[in-house]
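Descriptive analysis of the structure
Here's the letter readout for the chains.
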Amino acid sequence: MIPAMTTLEKAEAAERALSEELDRVVVKSVIYTSGERDPRVPVPRPPDQGKRYMMGHDPRLARMPDRPTLFDFFKYRFAPANHLMQSARLALKNGAGEKVVMACLVHDIAIAGFIRGDHGYWGAQLVEPYVDEEVSWAIRYHQALRFFADEAVGYHYPEMYVKLFGADYQPDEYIQRDYRYAREHTWYMTSRLICINDLYAFDPTVQVRLEEFTDIVGRNFKQPKEGLGFDASPSAHMWRTIMWPTKYL
Ligand SMILES: [Fe+2]
Ligand SMILES: [Fe+2]
């Protein structure tokens, strides 16, 4: 009797079959599998059958232009980014300034295309070289502010978080610390406005097109002429990892 495969084994077998169809061997980064597998144990390698290893574009993904723009990342790596576009549109409708609309449009790009945990910090770091300091500051601290109500400006603790995390959920100490810091900062309201315009309930009936934000992005996001990922900025490597997530080295 062959023992039944576990869900993880089945998933791995399916994945192996998929990668065997590729002409390159794909080895996943530990962070993709940690939890499903114990990171103290080496990641198993698919049989390479004499193939080369993935060192660039993964043919299972849409190919990105040579000089990718922020919108290219939205189209080829973040889609569907409805939550971001709906939040930015709500900010516009509420009469927010361009910095806030820009911040809303990218506030969760880490969730949309990179790493969920601590997404505000990752997202801020990604865009930091290209936006006004106030914009990346606001994105960084929405991470903490979202867990704390400010009834005076109309921000209530999200119902959704009670459902998602339980009524007794307490943010980690570093989140509480960053909340206290942001609360006293001059740019507090910029970050708070991200939370206020953040749509916690995604509405599938509202369709927003990226092109609505072309002008605001043009004025508030310094698109590098070499393309995002190729400009040697402090976050260029992060954009490249989003573009080529399975690169071996
Ligand atoms: Fe967020
Ligand atoms: Fe959000």
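Shown above is the structure to which this text applies.
What counts as what
Residues numbered from 1 in each chain as written. Chains lettered and ligands numbered in written order. Predicted model: local features only at pLDDT ≥ 70, side-chain atom pairs only at ≥ 80, totals over all residues. Helix = DSSP H or I, 4+ residues; strand = E, 2+ residues; numbered from the N terminus. Buried ≥ 20, exposed ≤ 12 C-beta atoms within 10 Å, placed from the backbone. Contact = placed C-beta atoms within 7 Å. Axes fitted to C-alpha atoms, helices over the stretch in contact; angles between N-to-C directions. Parallel < 35°, antiparallel > 145°, perpendicular 65-115°, else oblique. Left-handed = near helix turned anticlockwise from the far one by under 90°. Core = buried A, V, L, I, M, F, W, Y, C linked by C-beta atoms within 7 Å. Expected span 1.5 Å × (residues − 1).

**Focus: the overall build of the protein chain**
- For the protein chain, the helix and strand inventory stands at 13 helices and two strands.
- Its C-alpha atoms give the protein chain principal-axis dimensions of roughly 65 × 45 × 35 Å.
- Looking at the protein chain residue by residue over its 249 residues, the buried ones come to 29%.
- Pairs at least 24 apart in sequence give 70% of the contacts found in the protein chain among residues at least 6 apart.

**Some points on the packing of helix α8 (residues 133-145) against helix α11 (residues 188-197)**
- Axis separation between α8 and α11 bottoms out at 8 Å; the angle between their running directions is 60°. With respect to their mutual orientation, α8 and α11 come out oblique. Between α8 and α11 lies a crossing whose hand is right-handed. Of the residues in α11, those in contact with Glu 134, Trp 137, Ala 138, Ile 139, Tyr 141, His 142 and Leu 145 of α8 are Thr 190, Ser 191, Arg 192, Ile 194 and Cys 195.

**Considerations on the environment of Thr 33**
- On the secondary structure map, Thr 33 appears in helix α2 (residues 30-33).
- Given 15 C-beta atoms within 10 Å, Thr 33 falls into the partly exposed group.
- Spatially, the C-alpha atoms of Thr 33 and Trp 137 are 31 Å apart, while their sequence positions differ by 104 residues.
- Non-local contacts of Thr 33, meaning those with residues more than four positions away in its chain, are made with Lys 28 and Val 43.

**Regarding the environment of Ile 242**
- As for its placement among the helices and strands, Ile 242 is situated in helix α13 (residues 236-243).
- Here the alpha-carbon distance between Ile 242 and Lys 51, two residues 191 residues apart in the chain, equals 24 Å.
- Contact partners of Ile 242, with chain neighbours within four places excluded, come to Phe 73, Arg 77, Gly 113 and Phe 114.

**Re unusual backbone geometry**
- The phi torsion at Asp 118 lies on the positive side, around 60°, for a residue other than glycine.
- Residue placement: Asp 118 occurs in the loop between α6 (109-113) and α7 (119-127).
- We note that Ala 232 has phi near 60°; this positive angle belongs to a residue other than glycine.
- One can find Ala 232 in the loop between α12 (214-220) and α13.

**A look at the packing of helix α5 (residues 98-106) against α8**
- Two elements in contact, α5 and α8, have axes separated by 9 Å at closest approach and are oriented at 45°. What the angle tells us is that α5 and α8 run oblique. Remark: the crossing between α5 and α8 carries right-handed chirality. Of the residues in α8, those in contact with Lys 99, Met 102, Ala 103 and Val 106 of α5 are Glu 134, Val 135, Ala 138 and Ile 139.

**Focus on the nonpolar core**
- If you look at the biggest cluster of nonpolar residues, it comprises 47 residues, and the most contacted ones within it are Ala 88, Val 101, Met 102, Ala 103 and Leu 105.
- For this core, the secondary structure elements donating two or more residues are α3 (70-78), α4 (82-93), α5, α6, α7, α8, α11 and α13.
- Leaving out residues up to four positions away in the same chain, Leu 105 has contacts with Leu 84, Met 85, Ala 88 and Phe 213.

**Digging into α5**
- Most of α5 is tucked away, with seven of its nine residues classed as buried.
- Val 100, Val 101, Met 102, Ala 103, Cys 104, Leu 105 and Val 106 are the residues of α5 that are buried.
- Taken together, the buried residues of α5 touch α4, α6, α7, α8, α11 and α12.

**Describing α8**
- Over its 13 residues, α8 extends 18 Å from the first C-alpha to the last, a length consistent with the 18 Å expected when each residue adds 1.5 Å.
- Taking burial as the measure, the 13 residues of α8 include eleven buried ones, the bulk of the element.
- Along α8, the residues that are buried comprise Val 135, Ser 136, Trp 137, Ala 138, Ile 139, Arg 140, Tyr 141, His 142, Gln 143, Ala 144 and Leu 145.
- Check the buried side of α8 and you find it contacts α5, α7, α10 (173-183), α11 and α12.

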